[in-house]
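Examining the three-dimensional arrangement
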Amino acid sequence: MCGRYVSPDEAALERVWNLVRGENPFRIVYNAAPTMNLPVVRQHAGRTEVCGMQWGLIPLWWSKPQPPRSTINARSEDAAVKPMWRAALKRTRCLVPSLGWYEWKEQEPGRGKRPYFLHRPGPELFHFAGLWSSWTPQGGEPLLSFAILTRDAAGEAASIHSRMPVVLPPDAYESWLDPAAQDGAALTAAAVASAVTEFAAYPVSPYVNSPRNQGEECIRAVA
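Predicted, not measured: the structure shown is a model, and the values here were computed from it.

So, on to the pairing of strand β3 (residues 37-44). Two strands pair when backbone bridges link them, and β3 and strand β4 (residues 47-55) are joined in this way by eight bridges, in the antiparallel orientation. Looking at the pairing, P39 lines up with G52 of β4. Between β3 and β4, which pair antiparallel in sequence order, lie two residues; one of them, A45, sits at a positive phi of approximately 55 degrees. As defined by bridge partners, β3 adjoins strand β6 (residues 93-98) across two bridges and the pair is classed as antiparallel. Along β6, the bridge assignment pairs R42 with C94.

As structure tokens, then:
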């Protein structure tokens, strides 16, 4: 799974995407957590744009006053058939920019779990395959939200957790965002087949356990 990650600032995004700087530019979030508003790349109205969305997808058809639970990650194995995901997978896919993510690994009995930070060299900006939706609550304003596609873990990530995000290589961005491509099962299979799986990992402080805690301390390596 992916329940926390590092969301990049606007300068990092500008190096990859053409942005129009707004009044409130994106700032780095060292401990991005569900329900936060975070930058997402989507194809919309004929152009590629970066916009803020809430992490935790609410499907277009959702009719209850409270949002659904456990919708931050979509399993690639069944996203094409699950009602929660299939419409977004078919029509509204996105990229979620990241500088790395956190996973918690079981330690010796009685010692709980230890957090790890998984990243590319650099740190290097990369993108999770994602799904997005626009939902309008009764009497309210439209709310944009997103989820991250996940797969079985591979490489070093597999020694820490059984799941990992689907990380797309740059040459797969265009096909993943293409609104004309609507075969969800085929798109998912291609995304998983081409996914980047080589990541470095190191343990970090339990400081990252609380989403209230932010800053570089979250990614500082500990012995």
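Spatial ordering of the open sheet is given by β2-β1-β7-β8-β13, a layout of five strands whose pairing is antiparallel. Each of the sheet's edge strands pairs with one partner strand only, and the pair in question is β2 (29-32) and β13 (200-203). Averaged over all neighbouring strand pairs, the angle between strand axes comes to 30 degrees, with direction disregarded. Relative to strand β7 (residues 100-106), strand β1 (residues 5-7) runs antiparallel, the two sharing two bridges. Looking at β7, one finds that V6 is bridged to G100.

Conventions and cut-offs
Residues numbered from 1 in each chain as written. Predicted model: local features only at pLDDT ≥ 70, side-chain atom pairs only at ≥ 80, totals over all residues. Heavy atoms only, no water. Pairing = 2+ DSSP bridges. Helix = DSSP H or I, 4+ residues; strand = E, 2+ residues; numbered from the N terminus. Axes fitted to C-alpha atoms, helices over the stretch in contact; angles between N-to-C directions.

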